[in-house]
Amino acid sequence: MPMVVGVVAGVAVAAVLVLIGVFKMMWRVAEPNEALIISGSKHRTEGLEEGMGFRIVTGRGTLVLPGVQAVRKLSLDLNETELHVDCVTHQGIPLKVRGVVIFKVGDDFVSIANAARRFLDQQKLMAERVHNVFAGHLRSIVGGLTVEDMIRDREKLTGQTRAACGTEMEKLGLIVDSLQIHEIEDPTGYIQNLAMPHAAAVQRDARIAQAEANRLATEAEQQSFARMAEATRDSEILQAGYQAERDKAAAKARQAGPLAEAGARQEVVVQETRVAELEAHRREQQLQADVRKPADAQAYEKRTLAEAERDARISAAQAKARETELAAAAEATRVKTAAGAEAEATRTRGTAGAAATRATGEAEAAAAQARGLAEAEAVKARGLAEAEAIKARAAALAENQEAVVAQQLAENWPEIVRAGASAFGSVDNMVLLNGAEGMSELFAKALTMGGTGLGLARQLLASMNQEGSPDRNGRTTAGTSSLNGLASPPPAQRVPVDEK
């Protein structure tokens, strides 16, 4: 039993293997670039005439009965053939045309069938057959054209050739993918002679163009040389200007040192002059604070006290006169009242009127006398105050003549400086050998010229103290005007200083 199963299995496997082998022998597949031509059985193909007796398969597989059907392959690849054709033109000029034709079997069943009938066993001769077809038609077409037409319009030659060969190529089952005319050879030299006039004209134009180009180039060179000369001139002018500016700057630089030194010296002199002015102003202020202000304060105090005493006396005199006037008025009223009481008689009224008139006159006389006394007392008090003030100034001069003189000199210092500087009024140029020190010494000598007035001021004060003596009213006689003039000098004026 197991043996039977094994035999059956072996037979089945063998049968399967046989079937596979038979199927492989019967199954044929067409490649993309080929067509299978199957003959041996009646078969109808669309587009083909009935009774062709073969089947065409492209791009798929099919079953073929071995021994009953025959299978052959027709290539669908591109083919190429070169054209070397001797032609004669319409003008009788022999030419040689060189070109190439690229063709293949058509993809439709009709073209494949036509090509299979004609080239299935002669596929290698397909290029020669195509060359012969194109050579004949090309000779015929060239014979109807001129050389000029062929040269000017090769597309026309190519189009006519393809159109003439199209019917025959279709019968052969072939299609033309490309037709190109590469070259047209002229053994007789006709084309060369035809081109000679044009070549001569081209050479002429070339020579003319070359001459024009040379002329333009020469003109451009001349203009360039002119511009170069102009640029050189401008450059030299600019260089000369720059050199002049450099020389001027160098000269200024050489002068900068002396000018700076002179400016520095001038600034030193100006600053020293300002320092001298400030020092003089400081001394003036110091003298005013130390001497003049205390003296003015003492005089103001005494003058104020005298005025207060005078006002008190005047007030007392006015009060006394008012008292007298009031007393007289009261007395007159009393008398008038008494007279009124005695008015009954005419004699009494007359006596009362006379008494009243007399009392009124006496009262007015007393009032006038009181006013005169008050005015006399006021004048006397004013004189006494002035005498006290003058006496205080005299005492101050006697105690400290140096301070007073110094004060007067400080207040009149600008006039003294102006008087000393007047000696240089007519001097235009002055040369100092030792710079700022010489200037300082010169100003010091000029200023000391006004110092000689100090002794004269002292002598004047001494003489005023001897000659001036107070009278019985407390006033001075001889030295009053001079003293007042010295004590009250004119206001100081600042002298302008030239900083140069």
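Per-chain numbering applies: the sequence of each chain, read as written, is numbered from 1 onward. Two thresholds apply to this predicted model, a pLDDT of at least 70 for residue-level local features and 80 or more for giving and counting side-chain atom pairs, whereas whole-chain, interface and lining totals are computed over all residues. Heavy atoms from the whole structure form the basis of all side-chain values; hydrogens and water molecules are not counted.

1. Things to note about the overall build of the protein
Working definition: helices are DSSP H or I runs of at least four residues, strands are E runs of at least two. Numbering for both runs from the N terminus. Per the secondary structure count, the protein includes 12 helices and eight strands. Relative accessible area decides the class of each residue, using a 1.4 Å probe on protein chains only: under 20% of the type maximum gives buried, over 50% gives exposed, and in between gives partly exposed. Expressed as a percentage of the 500 residues in the protein, the buried residues total 26%. Residue contacts are defined here by distance: any two heavy atoms, one from each residue, within 4.5 Å place the two residues in contact. Considering only residue pairs separated by 6 or more positions, the protein has 70% of its internal contacts joining residues 24 or more positions apart. Looking at the protein as shown, the accessible area adds up to about 33500 Å², and 57% of this sits on carbon and sulfur atoms. In short, Shrake-Rupley with a 1.4 Å probe defines the accessible areas, and a residue's cover is counted only from the protein chains shown.

2. Comments concerning the UniProt feature "transmembrane region" (unreviewed entry) in the protein
UniProt positions are given in the numbering used here, feature names are shortened, and annotations may be inferred rather than shown by experiment. The feature "transmembrane region" (unreviewed entry), as annotated in UniProt, sits at residues 6–23 in this numbering. Counted over residues 6–23, helix gives 100% and strand 0%. Its end C-alpha atoms are 25 Å apart.

3. Points about the nonpolar core
Across soluble globular proteins, nonpolar side chains have a tendency to be buried as a group. Core analysis: the largest hydrophobic core is formed by 41 residues, its most contacted members being Phe-134 and Leu-174. For this core, the element with the most residues is helix α3 (residues 126–143), which contributes eight residues. Residues within four places of Leu-174 in sequence aside, it is in contact with Phe-103, Lys-104, Val-105, Gly-106, Phe-119, Met-126, Val-130 and Met-169. To qualify as a nonpolar core, a set must consist of buried Ala, Val, Leu, Ile, Met, Phe, Trp, Tyr and Cys residues joined through side-chain atoms within 4.5 Å. By size, the runner-up hydrophobic cluster in this structure holds five residues, among which are Leu-36, Ile-38, Val-57 and Val-64.

4. Observations regarding the packing of α3 against helix α5 (residues 154–171)
Note on geometry: axes are C-alpha line fits, over the in-contact stretch for helices, and angles between N-to-C directions span 0 to 180 degrees. Direction vectors running N to C along α3 and α5 enclose 135°, while the axes themselves pass 9 Å from each other. If you check the angle between α3 and α5, you find them oblique. At the point where α3 passes α5, the crossing takes the right-handed sense. When α3 is examined against α5, the residues Val-130, Val-133, Phe-134, His-137, Leu-138, Ile-141 and Val-142 are found in contact with a partner set consisting of Leu-157, Gln-160, Thr-161, Ala-164, Cys-165, Glu-168 and Met-169. Three classes are used: nonpolar for Ala, Val, Leu, Ile, Met, Phe, Trp, Tyr, Cys and Pro, charged for Asp, Glu, Lys and Arg, and polar for all others, with Gly counted as polar. Of the residues contributing to the contact of α3 with α5, the split by class is 10 nonpolar, three polar and one charged. Relative orientations are named as follows: roughly parallel for angles under 35 degrees, roughly antiparallel for angles over 145 degrees, roughly perpendicular for angles from 65 to 115 degrees, and oblique for any other angle. Here is the rule for handedness: rotate from the far helix to the near one, and if that takes an anticlockwise turn smaller than a right angle the crossing is left-handed, while a clockwise turn gives right-handed.

5. Quick word on the environment of Ala-329
Counting through the fold element by element, Ala-329 comes out in helix α6 (residues 190–341). Each C-alpha atom, one on Ala-329 and one on Thr-360, is 7.7 Å from the other, the two residues being 31 residues apart in sequence.

6. Considerations on the environment of Glu-148
Relative to the elements of secondary structure, Glu-148 occurs in helix α4 (residues 147–152). Between the C-alpha atoms of Glu-148 and Leu-194, which are 46 residues apart in sequence, the distance is 8.9 Å. If we skip the residues at most four places from it in the chain, Glu-148 touches Gln-91, Tyr-190 and Leu-194. Polar side-chain contacts of Glu-148 include one of 2.8 Å to the side chain of Tyr-190. Throughout this description, a polar contact denotes any pair of N or O atoms lying within 3.5 Å of each other; where both atoms belong to protein, one of them has to be capable of donating a hydrogen while the other can accept it, and for residues adjacent in sequence the pair is counted only when both atoms sit in side chains.

7. Describing the sheet that holds strand β7 (residues 94–105)
Two strands pair under a simple rule: DSSP has to find at least two bridges between them. Reading across from one edge, β6-β7-β8 is the order of the three strands in this open sheet, with antiparallel pairing throughout. Single-partner strands in this sheet number two, and they are β6 (79–88) and β8 (174–185). Going from strand to strand, the sheet's axes swing by 20° on average, the running direction of each strand aside. Here β6 runs beside β7; their pairing, made up of 10 bridges, is antiparallel.

8. Focus on the sheet that holds strand β2 (residues 34–39)
Spatial strand order, β3-β2-β5: three strands in an open sheet with antiparallel pairing. The open sheet is flanked by β3 (54–58) and β5 (70–75), the only strands paired with a single partner. Neighbour-to-neighbour, the strand axes of this sheet turn through a mean angle of 25°, independent of strand direction. The sheet contact formed by β2 and β3 spans five bridges and is antiparallel. Opposite Ile-37, over in β3, you have Ile-56 as the bridge partner. The sheet strands contacting helix α2 (residues 109–119) are β2, β3 and β5, and the helix crosses β3 at an angle near 120°.

9. A short note on α5
Between its first and last C-alpha atoms α5 spans 27 Å; for 18 residues at 1.5 Å apiece the expected length is 26 Å, and the two agree. At Cys-165, α5 is bent by approximately 40°, the largest bend along its length. Listing the buried residues of α5 in full gives Leu-157, Thr-158, Thr-161, Cys-165 and Met-169. Looking at the buried side of α5, the elements it contacts are β7, α3, α4 and β8. The opening residue of α5 is Asp-153, an N-cap whose side-chain oxygen sits 3.5 Å from the backbone nitrogen of Glu-155. Note on α5: the residue one or two positions beyond its end, Gly-173, has a positive phi of about 80°. A helix is expected to span 1.5 Å multiplied by its residue count minus one. Bend at a given residue is defined as the angle between two axes, one fitted to the seven residues that end at that position and one fitted to the seven that begin there.

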